[in-house]
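If you want the building blocks of each chain, they are given just below.
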Amino acid sequence: MLKPLLLYLLSLALFVQSMRLFYKAWRLSGATRVMERLNEGQPQGLSPKPGWAGLERAFLRAGLGRPTERLGAWILLWMFAIVLSLALAGWIGLLVMLVLPPVAVRLYVSWRYQRRLRRMIEQLPQLLDHTVRSLKSGRTLADAVLGAIEASEDPLKDAMGRVQRSVQLGVSLPDAVSDLAELYERDEFRLFALGLKVNHRYGGNASELLENLIKMIRERDQAARQLRAMTGETRLTAWVLGLLPITMAGYFLMANPIYLVAMWHDPSGQRMLATAFGMQVIGSLLLWRMLRSL
């Protein structure tokens, strides 16, 4: 009785979503479409809806765009997967499908953001060095920074494109870089924005300031590499502890599949497997947080 009811509710939700999309497309006039095309690529606020502000911020920092444009389709697909898991694997499948996709998305977005941010920090000294050489050739600070952005490579060029668009719309360069620094929450970008603000307000030798910033970024990078080398044993231990239960479960499944299958079909065994899965997820998250703090 429960499974047909869930399928009925899922069908009803899909029907309501399709009607909503049809009504939205029908109400969208030609002028609105033109305005949306003109606004593509322009800087917009990070939180048009307060409920999705954190999600949009995480996706923007990871370079994945705005998730709200296709969030409804993904949620419907997730609901369909939940119903299918309940029908095929019972409550264990339901629990796994409720927990696993959000955790996987969270880990993927965080990994993508950290990898992208490391690459951007590595490219930042080259951008600043290009800016210094442009300043010494007689260009203004704003022209030098914008020229360095054009000469840089992705992902830094893509991220700094936000600064270019803001400046083209009339925002001052220090404010545009401050907005970028608040988005990515890194001290290197904050110091860059602070140096631009000080130079914009009080003047001074901008090339010397940027050269000192380049030196500081490279020293921080060298110190971070040394720290990663010193904590390599700790990180390897965390990976071994996180993967050991999964490896053991895979070994038992290959060597004696009847053992785990019998537990799967027994109510007490299902509770044990659910508890083990929950503890594995919690332990992996704790180890991941510990690795991030190193």
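Residues numbered from 1 in each chain as written. Predicted model: local features only at pLDDT ≥ 70, side-chain atom pairs only at ≥ 80, totals over all residues. Heavy atoms only, no water.

Examining the packing of aromatic side chains
Line of reasoning, step 1. A complete count under the given rule lists three aromatic pairs for this structure.
Line of reasoning, step 2. Aromatic pair tyrosine 108 and tryptophan 111: ring centres 6.0 Å apart, planes at 40°, arrangement tilted. Placement of both tyrosine 108 and tryptophan 111 in helix α4 (residues 71–136) is noted, with a separation of three residues, approximately one turn of the helix.
Line of reasoning, step 3. Centroid distance tyrosine 184 to phenylalanine 189: 6.2 Å. Interplanar angle 45°. Geometry classified as tilted. Here the two residues tyrosine 184 and phenylalanine 189 agree in accessibility, since each one is buried.
Line of reasoning, step 4. Between arginine 61 and the ring centre of tyrosine 113, over which it is positioned, the NZ or CZ distance is 4.4 Å. (Phe/Tyr/Trp six-rings, centres within 6.5 Å; stacked < 30°, edge-to-face > 60°. Helix = DSSP H or I, 4+ residues; strand = E, 2+ residues; numbered from the N terminus. Buried < 20%, exposed > 50% of the residue type's maximum accessible area, 1.4 Å probe, protein only. Lys NZ or Arg CZ within 6 Å of the ring centre and 35° of its normal.)

Examining the side chain of threonine 131
Line of reasoning, step 1. Note on placement: threonine 131 falls in helix α4.
Line of reasoning, step 2. A distance of 2.8 Å separates a polar atom in the side chain of threonine 131 from the backbone oxygen of leucine 127. (Polar contact = N/O pair within 3.5 Å; in protein donor to acceptor, adjacent residues only side chain to side chain.)

Digging into the UniProt feature "transmembrane region" (unreviewed entry) in the chain
Line of reasoning, step 1. Per the UniProt record, "transmembrane region" (unreviewed entry) is annotated on residues 76–109, 236–260 and 272–291.
Line of reasoning, step 2. As a span, residues 236–260 carries 96% helix and 0% strand, and end to end its C-alpha atoms are 29 Å apart.
Line of reasoning, step 3. In this annotation, residues 272–291 is assigned 100% helix and 0% strand; the end-to-end C-alpha distance for the span is 28 Å. (UniProt positions renumbered as here; feature names shortened; annotations may be inferred.)

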